[in-house]
Amino acid sequence: MSPGRRKMLGAIVAVINVGIVGAIVGPVMGFVTSPMNQRGKKGWVKIARIEEIPDGRATEIRYSMRTKDGYHVVDREYSIYVRRDGEQVMCIDPACTHLGCRVEYQVDRDRFLCPCHGGVFDKHGGVVSGPPPKGLIRHLVKVEGGNILLHREV
Amino acid sequence: MARTPLPIKEHTISPEERADETRVTTHPEEELRLARPSLRDWLDLRLGWYGFVRKNLDEPMPPGVGWWQTLGNLLMTLLAFQFITGFALAMYYSASPETAYDSVKHINTEVPLGNFVRGLHVWGSTLIVMAVVAHTLRVFFWGSYKKPRELTWLVGVFIFQVILAFSFTGYLLPWDQKAYWATVVGTRIAATIPFVGDALLYLVRGGAEVGSLTLTRFYALHVMALPAALIGLMGIHLYLVRRHHIAGPVLPRRGKPVPFYPDQLFKDAVVQLVGVGFLVYLALAFKPALEAVANPTQVEFAPRPEWYFLGLYELLKIMPSGWELVATFVVPTGVTLGMIFLPWLDRSESRHPARRQWVIVTGIGIILMIGLLTLKGILETPPPHHSAPADLKATKTSDSS
Ligand code: FES
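Conventions used here
Residues numbered from 1 in each chain as written. Chains lettered and ligands numbered in written order. Predicted model: local features only at pLDDT ≥ 70, side-chain atom pairs only at ≥ 80, totals over all residues. Heavy atoms only, no water. Helix = DSSP H or I, 4+ residues; strand = E, 2+ residues; numbered from the N terminus. Rg over C-alpha atoms; globule rule 2.2 N^0.38 Å. Buried < 20%, exposed > 50% of the residue type's maximum accessible area, 1.4 Å probe, protein only. Expected span 1.5 Å × (residues − 1). Contact = heavy atoms within 4.5 Å. 1 Å grid on protein atoms, 1.4 Å probe; cavity = no way out; pocket = protein on both sides within 12 Å on 5 of 7 lines; lining within 4 Å. Points joined across faces, edges and corners; volume = space filled by probe spheres on them. Nonpolar A, V, L, I, M, F, W, Y, C, P; charged D, E, K, R; others polar. Salt bridge = Lys/Arg side-chain N within 4 Å of Asp/Glu carboxyl O. Core = buried A, V, L, I, M, F, W, Y, C linked by side-chain atoms within 4.5 Å. Pairing = 2+ DSSP bridges. Axes fitted to C-alpha atoms, helices over the stretch in contact; angles between N-to-C directions. pLDDT = per-residue confidence, 0-100. Patch = residues over 30% accessible without salt bridge, like charges linked within 9 Å, V, L, I, M, F, W, Y side chains within 5 Å. Areas by Shrake-Rupley, 256 points an atom, 1.4 Å probe, with all protein chains shown as cover. Disulfide = S-S within 2.5 Å. Parallel < 35°, antiparallel > 145°, perpendicular 65-115°, else oblique. Left-handed = near helix turned anticlockwise from the far one by under 90°.

K.L.:
Can you help me understand the overall build of chain A in this one?
P.N.:
Across its full length, chain A holds one helix and eleven strands. Along its sequence from the N terminus, chain A presents helices and strands in the succession α-β-β-β-β-β-β-β-β-β-β-β. The C-alpha atoms of chain A give 26 Å as radius of gyration, which overshoots the globular expectation for 154 residues (15 Å, by more than 25%). Taking the principal axes of its C-alpha atoms as reference, chain A extends roughly 90 × 40 × 25 Å. For chain A, the proportion of its 154 residues judged to be buried stands at 40%.

K.L.:
What's the story with helix α5 (residues 71-90) of chain B in this structure? I'm lost.
P.N.:
Helical geometry: 3.6 residues make up each α-helical turn, so side chains three or four residues apart lie on a common side. Residues and elements named next belong to chain B. Compared with the 28 Å implied by 1.5 Å per residue over 20 residues, the 28 Å span of α5 between its first and last C-alpha is a close match. Buried within α5 are the following residues: Leu71, Asn73, Leu74, Leu75, Thr77, Leu78, Leu79, Gln82, Thr85 and Leu89. Check the buried side of α5 and you find it contacts α6 (100-109), α7 (114-142), α8 (150-172), α11 (212-244) and α12 (260-285).

K.L.:
Looking at this structure, I do not really get the layout of surface pockets. What am I missing?
P.N.:
Using a probe with the size of a water molecule, rolled over the atoms, empty space left in the structure can be pinpointed. Residue and element names in this part refer to chain B. Considering only enclosed or pocket space, the second largest pocket measures out at about 1,200 Å³ in volume. Lining the second largest pocket are 43 residues, and of these Gln82, His121, Ser125, Gly170 and His222 sit closest to its centre. Counting only elements with at least two residues in the lining of the second largest pocket, the list comes to α5, α6, α7, α8, α9 (177-191) and α11. In terms of residues, the lining of the second largest pocket owes the most to one element, α5, which gives nine residues. Class assignment of the residues belonging to the lining of the second largest pocket gives a composition of 30 nonpolar, eight polar and five charged.

K.L.:
I tried to follow the pattern of salt bridges on my own but got confused; where do I start?
P.N.:
Residue and element names in this part refer to chain A. Taken as a whole, this structure holds 15 salt bridges over all chains when the rule is applied. Taking the shortest distance from any N to any O, the salt bridge between Glu60 and Arg62 comes out at 3.6 Å. Note on Arg62: relative accessible area 42%, which makes it partly exposed. Between Arg66 and Asp75 there is a salt bridge, and its shortest N-O distance comes to 2.8 Å. For Arg66, a relative accessible area of 60% translates into the label exposed. You can call Asp75 partly exposed: its relative accessible area is 47%. Within the structure, one salt-bridge network assembled from shared partners comprises Glu60, Arg62, Glu77 and Arg102.

K.L.:
Honestly, the nonpolar core in this entry has me stumped. Any pointers?
P.N.:
Considering soluble globular proteins, one finds that nonpolar side chains tend to be buried as a cluster. All names here are of chain B. Core analysis: the biggest nonpolar cluster contains 38 residues, and Leu78, Leu79, Tyr145, Trp153, Ile159, Ile163 and Leu230 have the highest contact counts within it. Elements supplying a minimum of two residues to this core: α5, α7, α8, α11, α12, α14 (324-345) and α15 (357-379). Setting aside its immediate chain neighbours within four residues, Leu79 contacts Ile128, Ile163, Leu230 and Met234. In terms of nonpolar packing, the next biggest core, distinct from the first, is built from 16 residues, Tyr93, Leu173, Leu215 and Ala294 among them.

K.L.:
Explain the sheet that holds strand β11 (residues 147-153) of chain A here, please?
P.N.:
Working definition: the strands of a sheet are paired by backbone hydrogen bonds and lie parallel or antiparallel to each other. All names here are of chain A. Across the sheet, which stays open at both edges, the three strands sit in the order β1-β11-β10 with antiparallel pairing between neighbours. The outermost strands of the open sheet, each flanked by one partner alone, are β1 (42-49) and β10 (141-144). Between one strand and the next, the sheet's axes are offset by a mean angle of 35 degrees, whatever the strand orientation. Bridging between β10 and β11 involves four bridges; their strand directions are antiparallel. What sits directly across from Val141, in β11, is Leu150.

K.L.:
When you look at the confidence of the model for chain B in this model, what are you seeing that I'm missing?
P.N.:
Regions with low pLDDT carry predicted coordinates that are not meant to be interpreted in detail. Residues and elements named next belong to chain B. Predicted confidence across chain B gives a mean pLDDT of 86, with 86% of residues reaching 70 or more. Across residues 383-401, where pLDDT falls below 50, the model places 78 contacts with residues more than four positions away in sequence or in other chains. Reported confidences for the modelled complex are a pTM of 0.84 and an ipTM of 0.80.

K.L.:
I'm lost on the sheet that holds strand β9 (residues 138-139) of chain A in this one. Help?
P.N.:
Read from one edge to the other, the open sheet built from four strands follows the order β2-β3-β4-β9 (chain A), with strand pairing classed as antiparallel. This sheet does not close on itself; its edge strands, each paired only once, are β2 (57-69) and β9 of chain A.

K.L.:
Before we go on, may I ask you to explain the pairing of strand β4 (residues 88-92) of chain A in this structure?
P.N.:
Each regular strand shows side chains that alternate between the opposite faces of the sheet. Residue and element names in this part refer to chain A. Within β4, four of the five residues are buried, which leaves the element mostly enclosed by the surrounding structure. For strand β3 (residues 72-85) and β4, the ladder comprises five bridges, and the chain directions are antiparallel. In the sheet register, Asp85 faces β4, and the bridge partner there is Gln88. Turn length for the β3-β4 hairpin, with the two strands adjacent in sequence and antiparallel, is two residues, and the turn residue Gly86 shows positive phi of about 70 degrees. The pairing of β4 with β9 spans two bridges and is classified as antiparallel. Following the sheet pairing, Cys91 is matched in β9 by His139.

K.L.:
Please clarify how a nonpolar patch on the surface should be interpreted in this entry.
P.N.:
On the surface, A:Val21, A:Ile24, A:Val25, A:Val28, A:Met29, A:Phe31 and A:Val32 cluster together to form a nonpolar patch covering roughly 660 Å² of accessible area. Within the secondary structure layout, A:Val25 lies in helix α1 (residues 3-33).

K.L.:
Even after reading the chapter, I still don't get the state of the cysteines, so can you show me in this structure?
P.N.:
Here a disulfide denotes a covalent bond joining the sulfur atom of one cysteine to the sulfur atom of another. Residues and elements named next belong to chain A. For the coordinates displayed, the defined rule picks out zero disulfides over all chains. Not part of a disulfide, Cys91 finds its nearest cysteine sulfur in Cys96, a span of 18 Å. Owing to a relative accessible area of 0%, Cys91 belongs among the buried residues under this scheme.

K.L.:
Help me out: how do you make sense of the packing of helix α3 (residues 39-47) of chain B against helix α4 (residues 49-57) of chain B in this one?
P.N.:
Think of two packed helices as two axes; the pair is described by the angle between the axes and how far apart they sit. All names here are of chain B. α4 packs onto α3 with a crossing angle of 90 degrees between their chain directions and a minimal axis gap of 6 Å. It follows from the interaxial angle that α3 and α4 lie roughly perpendicular. Contact residues: α3 offers Arg40, Asp41, Asp44 and Leu47, while α4 offers Trp49, Tyr50 and Gly51. When grouped by side-chain class, the residues that make up the contact of α3 with α4 number three nonpolar, one polar and three charged.

K.L.:
Help me understand the confidence of the model for chain A in this model?
P.N.:
Here chain A averages 89 in pLDDT, and 100% of its residues register 70 or above. Element-level pLDDT for chain A is lowest in β3(A), with a mean of 87, against a maximum mean of 95 in α1(A).

K.L.:
Would you mind going over the packing of helix α13 (residues 310-318) of chain B against α14(B) with me for this structure?
P.N.:
All names here are of chain B. Where α13 meets α14, the axes come as close as 7 Å, and the angle between the chain directions of the two elements is 145 degrees. Read as a crossing pair, α13 and α14 show a hand that is right-handed. Of α14, the residues touching α13 (which contributes Leu312, Leu315 and Leu316) are Glu324, Ala327, Thr328, Val331 and Pro332.

Right, dumping it as structure tokens:
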């Protein structure tokens with residue numbers, strides 16, 4: 001066999017093998033990584049009526065939302081702090097920005113305390129003391145026809 | 001059955017055996033044996049089995065090799081146990097949020113020997129982590145990773161990682177509170193990595209939250225990808241161990257190498273017996289735990305990882321504000337890279353600990369740190385007023401204006 005032919009056939013084998021690997025790896029990668037594409041799809045979710053929220057303090061609201069969990073649809077419960085000052089409504093996420101423990105609202109001090117490592121947040125979620133690196137996360141919210149709507153991923 | 005001499009005498013000796021000078025081919029009994037092939041000879045002609053077995057049993061052990069060199073074999077035995085019990089458990093297990101917990105409960109309470117088999121698997125994972133750590137430390141202190149065994153070490157480091165991945169993915173499968181919340185926290189670590197963290201979180205969880213797709217993902221990794229990776233890596237590791245032989249003590253001792261069989265094999269067997277005996281004892285004495293079913297809305301739950309991740313968890317807790325990335329990414333990645341490149345970082349000729357002080361001192365420092373943090377985590381009872389992490393993911397992707 002001439003060296004040229006030998007090289008040629010070797011190259012063809014290499015190309016075929018790359019094609020075979022690509023044929024399996026490509027689709028499987030797409031299949032497996034598909035959840036990354038549904039990232040950040042957001043919508044407005046009704047969480048409460050405005051009159052349910054007392055004025056001048058934060059209130060824990062539990063709302064449930066129909067979510068698609070893979071192959072089945074479930075009603076999941078979530079909770080969030082809603083703070084109302086007159087017409088002003090603010091949604092504060094209960095997850096501590098340190099390690100994610102749930103902060104608790106102290107009505108008398110109008111502050112949020114984290115039970116895990118003593119993080120303290122003020123009434124608007126700003127850090128007062130403790131290890132948390134930044135303030136509690138506030139979600140976009142709007143009031144429409146007396147309904148409080150939360151902007152979150154759906 | 002009348003044995004007719006068959007003219008296959010030449011073939012029954014593999015070329016390997018022919019080269020083996022210890023073989024006495026001229027012995028009359030041997031001649032007779034070769035002339036009348038038994039089943040063993042028949043098989044040997046086809047498989048070359050004798051040569052293989054002999055070579056491994058005669059593997060030369062340098063003087064000074066002993067009990068410390070039994071850990072690898074113990075680890076293999078425990079992994080084999082894990083493989084078999086895992087296979088058995090998979091026959092009763094169902095990987096879906098609606099059924100996972102009940103199927104594990106069924107194993108625990110109804111399947112005959114279910115508690116025992118699951119106990120072997122659960123305790124086995126703990127013993128495996130202990131054995132792999134001990135094995136790695138032995139190789140580290142003996143400096144056995146030095147030329148020409150760098151790749152043996154490297155493959156070993158990958159095996160270590162695969163074992164940790166096994167444990168992390170397996171932890172979720174029972175779908176109880178502990179499993180669920182540990183995974184919520186554990187996967188959230190991925191989200192702290194700059195730039196790609198968010199995408200990574202979705203990739204690992206199979207969605208925004210720990211749910212059915214997380215469970216199937218972890219299950220697929222646990223029973224398909226990781227075992228395949230482990231078996232492949234172990235094959236390479238063993239091949240390399242045999243190719244370069246056991247390194248022996250740090251300072252070569254006088255004396256002739258002794259064959260692996262019977263002395264070292266005997267020590268191996270004793271250690272295996274003790275290890276397996278202890279495992280069986282644990283499985284019988286301590287029933288594998290199963291807490292309440294995972295409840296994403298019941299947030300009053302203190303998440304705690306498996307004990308061998310407690311060090312990392314504690315590190316995360318003591319990091320000052322804004323330094324989380326150090327605990328979630330910098331330290332684990334640094335330690336892993338340090339392990340991977342150890343043979344190239346430690347370039348001293350000598351394997352003696354005194355001749356490679358900085359490596360030993362750094363190593364002991366890291367081991368002490370991990371040990372102390374783990375101890376702290378074990379001793380520390382969760383605060384009475386404990387809450388579970390509300391899922392940070394929901395917050396991460398939300399507006400924070
Ligand atoms: S998790 Fe809140 S202070 Fe650490």
